Amino acid sequence: MVRIGWLSDSHVDPFSSPDVDRTDLPGAGERLTQDIRSLFETYGISDLYFNGDAVFQSDSFWSGNYAHSTPEYYDRFWELVDASGHGDNVVAAPGNHDTPLQYFVESDDRARLRYKKEYDGVTVFMMNTAGTGWVSGSADMGYGWTNGYVPYKDLRWLDRELEKAGDNAKVVYFHHHATLTPGDPLASSQTETQELTNLYWVCRNHSTVHDILSSYDKVVCPQGHTAQAAAEGSSNVDGVEYLYKKHYYHVYTGEVTTYAFLDVGADGVTVTTVDHNSGEENTILEKQF
């Protein structure tokens, strides 16, 4: 049995401008440091897996002229992580705001496009859902911004590594939702019935992703991205447990909500979220394999 952390969507922004509304909402800031420290020191996690949207250039977003974050944003993110005293045990995968991916992967060795770590009876994976996400000359194309997509080579890698994991429990972190997730209000509709811009929450190749995941047992998928502040839970789809929680940093209100940890072993998993303000704990999954 191992206890691991689950956090995402801190939307760190180290800058502000008096000319743009909402600049009083600079991301989770030092509250991120507090909650990372809490996960390690109060709840005793071994490692923290941060599944996307470390940063967010809020000035340009609220002005209606979106520009991607620069290396200074990641400098501030890792500064906040390291201020917890537990930065050596944090690994991050990208979200849609962490594009172009050059800046993300160059920010630190802990910034990974895909990742695997084995514990006793447990194998943990992190996946890139921002697609290629590399600069292509346009803020609207090629950044991985509008739609999630797991690259084909990464899916092949995941398939091979899931098979190698054998009878281990398999925890696979995604940013964009890996499939339709009943219960999460922003990722539960059939994407085939929506317009392209509304494919925002779920990976465009969600059917292929799910086909791979559902061909193995003991698979649990913590997901991020969906900007809702009410729903938390799990959805079992063809044997795969898809997890969803409140958006950690709410970009419309400036509040932070919940962070989470997983107690997982070869025989079962329990997932608990913790409210930043009240400390209230909520068990969103308790399952024996």
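These figures come from a predicted structure and were not determined experimentally.

A tally of regular secondary structure across the protein chain gives six helices and twelve strands. Across the 289 residues in the protein chain, those meeting the buried criterion constitute 60%. Sequence separation of at least 24 residues holds for 67% of the intrachain contacts in the protein chain that already meet a minimum separation of 6.

The end-to-end C-alpha distance of helix α1 (residues 30-41) is 16 Å, a good match for the 16 Å that twelve residues give at a rise of 1.5 Å each. Of the surrounding elements, those touching the buried residues of α1 are β1 (2-7), β2 (47-51), α3 (71-82), β3 (90-93) and β10 (258-265).

Moving on: the sheet that holds β1. Strand order across the open sheet formed by six strands is β3-β2-β1-β10-β11-β12, with mixed pairing between neighbours. Edge positions in the sheet fall to β3 and β12 (281-288), since each of these pairs with one other strand and no more. Each strand of the sheet is rotated relative to its neighbour by a mean of 20°, with strand direction disregarded. Bridge analysis of β10 against strand β11 (residues 268-275) gives eight bridges, and the strand direction is antiparallel. Note on β11: the bridge partner recorded for G265 is G268.

The next subject is the side chain of H225. One can find H225 in the loop between β7 (219-222) and β8 (233-237). Look at H225 and you get buried, because its relative accessible area is 2%. At a separation of 3.2 Å, a polar atom in the side chain of H225 contacts the side chain of N96. Those residues in contact with H225, other than ones at most four positions away along the chain, are D9, D53, N96, H175, H176, Y200, W201 and H247.

Our focus in this paragraph is the pattern of salt bridges. Counting across every chain of the model gives twelve salt bridges. In this structure, the salt-bridge partner of D263 is R3, at a minimum N-O distance of 2.6 Å. Here D263 is found in strand β10, whereas its partner R3 is found in strand β1, with 260 residues between them in sequence. The exposure class assigned to D263 is buried, which follows from its relative accessible area of 18%. Of the charged contacts in the structure, one is a salt bridge between R110 and D82, with a shortest N-O distance of 2.7 Å. Taken together, the positions of R110 in the loop between α4 (101-107) and β4 (114-119) and D82 in helix α3 put the pair 28 residues apart, joining distant regions of the chain. Under the relative-accessibility criterion, D82 is labelled partly exposed at 38%.

Now for the sheet that holds strand β9 (residues 240-244). Spatially, β4-β5-β6-β7-β9-β8 is the arrangement adopted by the six strands of the open sheet, whose pairing is mixed. Of all strands in the sheet, those with a lone pairing partner are β4 and β8, marking the two edges. With direction set aside, neighbouring strand axes in the sheet form an average angle of 20°. When strand β6 (residues 169-173) meets β7, the two strands line up parallel, connected through two bridges. If you follow K170 over to β7, its bridge partner there is V219. Of the strands in this sheet, β4, β5 (122-127) and β6 are in contact with helix α5 (residues 152-165), which crosses β5 at around 175°.

Moving on, we get to the nonpolar core. Within the largest apolar cluster, 33 residues are counted, with the highest numbers of intra-cluster contacts made by L7, L32, L48, F77 and W78. For this core, the element with the most residues is α3, which contributes six residues. Not counting chain neighbours up to four residues away, the residues in contact with L48 comprise G5, W6, L7, I36, L39, F40, N89, V90 and V91. Judged by nonpolar contacts, the second largest core, of 23 residues, contains M126, A169, L243 and A260.

Moving on to the environment of H247. Tracing the chain through its elements places H247 in the loop between β9 and β10. Separated by 15 residues in the primary sequence, H247 and E232 have C-alpha atoms spaced 9.5 Å apart. When sequence neighbours within four positions are dropped, the list of residues in contact with H247 reads D9, H11, H225, T226, A227, Q228 and T257. Within the structure, the side chain of H247 is placed 3.2 Å from the backbone oxygen of T226, a separation counted as a polar contact.

As a further point, take the pairing of β3. The alternating pattern of β3 places V90 and A92 on one face and V91 and A93 on the opposite face, and all of these are buried. Relative to β3, β2 is paired through four bridges, and the arrangement is parallel. Looking at the pairing, F50 lines up with A92 of β3.

Criteria and cut-off values
- Residues numbered from 1 in each chain as written.
- Predicted model: local features only at pLDDT ≥ 70, side-chain atom pairs only at ≥ 80, totals over all residues.
- Heavy atoms only, no water.
- Helix = DSSP H or I, 4+ residues; strand = E, 2+ residues; numbered from the N terminus.
- Buried < 20%, exposed > 50% of the residue type's maximum accessible area, 1.4 Å probe, protein only.
- Contact = heavy atoms within 4.5 Å.
- Expected span 1.5 Å × (residues − 1).
- Pairing = 2+ DSSP bridges.
- Axes fitted to C-alpha atoms, helices over the stretch in contact; angles between N-to-C directions.
- Polar contact = N/O pair within 3.5 Å; in protein donor to acceptor, adjacent residues only side chain to side chain.
- Salt bridge = Lys/Arg side-chain N within 4 Å of Asp/Glu carboxyl O.
- Core = buried A, V, L, I, M, F, W, Y, C linked by side-chain atoms within 4.5 Å.

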